[in-house]
Amino acid sequence: MEIAIVPINVGGSPVFTGHVRDLTERRRFEEELQHAREELESKVERRLDAGGAYGLTFRELTVLHLVSSGKSDKEIAVTLGISPQTVNKHVARILGKMDASSRTEAGVRAIKDRIVE
């Protein structure tokens, strides 16, 4: 629960106003998001252990996994808790390392090469 109390001046007299907000849904969403991140990281770690990943970093493999599942930069940013611009930089590095001309090509190749599931 979040409680906020704010003093305001009404006709020269101090009056307090406030609100109470239930954070249950927000906490549940944060827990679900953390679980999804952990599951994604686990998948990527298994792929790193298998080798043959174009020299991609852990974060790049994570982004590649999300790209190959059709996620937009904005969706990836929300999932990973980073900015869309940072996602865009990761995607650019992925394309360079994989010598791919597009996100689609990189995603298809990653699936074909079994880098992602």
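Refer to the structure presented above.
Residues numbered from 1 in each chain as written. Predicted model: local features only at pLDDT ≥ 70, side-chain atom pairs only at ≥ 80, totals over all residues. Heavy atoms only, no water.

Draft legend 1. View of the pattern of salt bridges. Summed over the entire model, instances satisfying the criterion amount to 9 salt bridges. When the shortest N-O distance is used, the salt bridge between E2 and R21 registers 2.2 Å. Here E2, found in strand β1 (residues 2–10), pairs with R21, found in strand β2 (residues 13–21); they are 19 residues apart in sequence, far enough to count as distant. Exposure remark for E2: the relative accessible area of 27% places this residue in the partly exposed category. Accessibility expressed as a relative area gives 41% for R21, which makes it partly exposed. Across the pair E32 and R28 runs a salt bridge, and its minimum N-O distance is 2.2 Å. Of the two residues, E32 and R28 both sit in helix α1 (residues 24–50), 4 residues apart, roughly one turn of that helix. When salt bridges that share partners are traced, they join E25, R28 and E32 into one network. (Salt bridge = Lys/Arg side-chain N within 4 Å of Asp/Glu carboxyl O. Helix = DSSP H or I, 4+ residues; strand = E, 2+ residues; numbered from the N terminus. Buried < 20%, exposed > 50% of the residue type's maximum accessible area, 1.4 Å probe, protein only.)

Draft legend 2. Main features of the nonpolar core. Grouped together as the largest cluster of nonpolar side chains are 21 residues, with contacts concentrated most on V63, L64, I76, I94, M98 and A106. If you list the elements that add at least two residues to this core, you get α2 (58–68), α3 (73–80), α4 (84–98) and α5 (103–112). In contact with I94, not counting residues within four places along its chain, are L56, E60, V63, L64 and A106. (Core = buried A, V, L, I, M, F, W, Y, C linked by side-chain atoms within 4.5 Å. Contact = heavy atoms within 4.5 Å.)

Draft legend 3. Inspection of the pairing of β2 at higher detail. As paired elements, β1 and β2 share 9 bridges and run antiparallel to each other. When the bridges of β2 are listed, I5 appears paired with G18. Hairpin connection from β1 to β2: 2 residues lie between these consecutive antiparallel strands, with G11 at a positive phi of about 60°. (Pairing = 2+ DSSP bridges.)

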